[in-house]
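Descriptive structure summary
Listed below, chain by chain, are the residues.
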Amino acid sequence: DVAHMAEELIAENNLSDKITVIVANAGKVDLIEKADCLISELMNCAGFNEYDGEPLMKVRDRFLKPGGRMIPQRIRHVIRLCDLRIDFKSDDGGWADGLYGLTWKAVKDFASADSTSTELRGHAWASPPHVWWDLDLMRDNLSDNQYRAGIPVQWEIQTSSRVHGVVAYFEA
């Protein structure tokens, strides 16, 4: 389904002469030449699943040209203490209207079906951001396994506020 959606997006944005979708197991496929760019979406709600790093880096080492790019290039997982209220709302798919100057008709209904987004409203941060792990997908080889264990945190409370929870988010 995702490969079919990608092909539709490529076609509707007139990029078929520049982008080829290959539906295959990345560990078994052979390419005619190395890639200029590897695009992956192996992220979960926490930013990166611990089982996704090693296969992705094997694909990088096997298929990416020297000087090539990866999207995303870096995934950073951040946590902070927060005094918050959470509002849930249905996703109407408005995010897809003209995003990055492309059309998204092929994925809009799929991505918006039964989804919700979480918005922080009226929140106050009770601590500075703490980088739990930081993975450079272009350079790291996971030998230290830091992204699995995380970087130890010692919270520095900034204000005299209530702490309702830990907010975790990722930057890619």
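Structure's up top.
Report follows, based on the coordinates. (Residues numbered from 1 in each chain as written. Predicted model: local features only at pLDDT ≥ 70, side-chain atom pairs only at ≥ 80, totals over all residues. Heavy atoms only, no water.)

1. Digging into helix H1 (residues 2-12)
In plain terms, the rule: Burial here depends on accessible area, computed with a 1.4 Å probe over protein chains only, as a share of the maximum for the residue type. Under 20% is buried, over 50% is exposed, and the range in between is partly exposed. A run of H or I in DSSP becomes a helix once it reaches four residues, and a run of E becomes a strand once it reaches two; helices and strands are each numbered from the N terminus. Picture the helix axis, draw a direction to every C-beta atom, and the arc is the one those directions span.
For H1, the set of buried residues is Met 5, Leu 9 and Ile 10. Buried residues in H1, looked at end-on, bunch into an arc of 135 degrees, giving them a common side. Immediately beyond the C-terminal end of H1, within one or two residues, lies Asn 14, with a positive phi of roughly 55 degrees.

2. Side note on the pattern of salt bridges
Counted only if it meets this: Throughout this description, the term salt bridge denotes a Lys or Arg side-chain nitrogen within 4 Å of a carboxyl oxygen of Asp or Glu.
In the structure shown here, the tally under the stated rule is 8 salt bridges. Residues joined by salt bridges that share partners form a network here, namely Arg 74, Arg 76, Asp 134 and Glu 171.

3. Quick look at the nonpolar core
A general tendency of soluble globular proteins is for nonpolar side chains to be buried together. In plain terms, the rule: By nonpolar core is meant a set of buried Ala, Val, Leu, Ile, Met, Phe, Trp, Tyr and Cys residues that side-chain atoms within 4.5 Å join together. We call two residues contacting when some pair of their heavy atoms lies within 4.5 Å.
Formed by 13 residues in total, the largest nonpolar core has its most connected members in Leu 38, Phe 63, Met 70, Leu 135 and Leu 137. At 4 residues, the largest contribution of residues to this core is made by helix H2 (residues 53-63). Leave out the neighbours within four places in its chain, and Met 70 touches Leu 38, Leu 56, Arg 60, Leu 64, Leu 137 and Met 138. Residues Met 5, Leu 9, Trp 104 and Val 107 belong to the second largest nonpolar core, which totals 5 residues.

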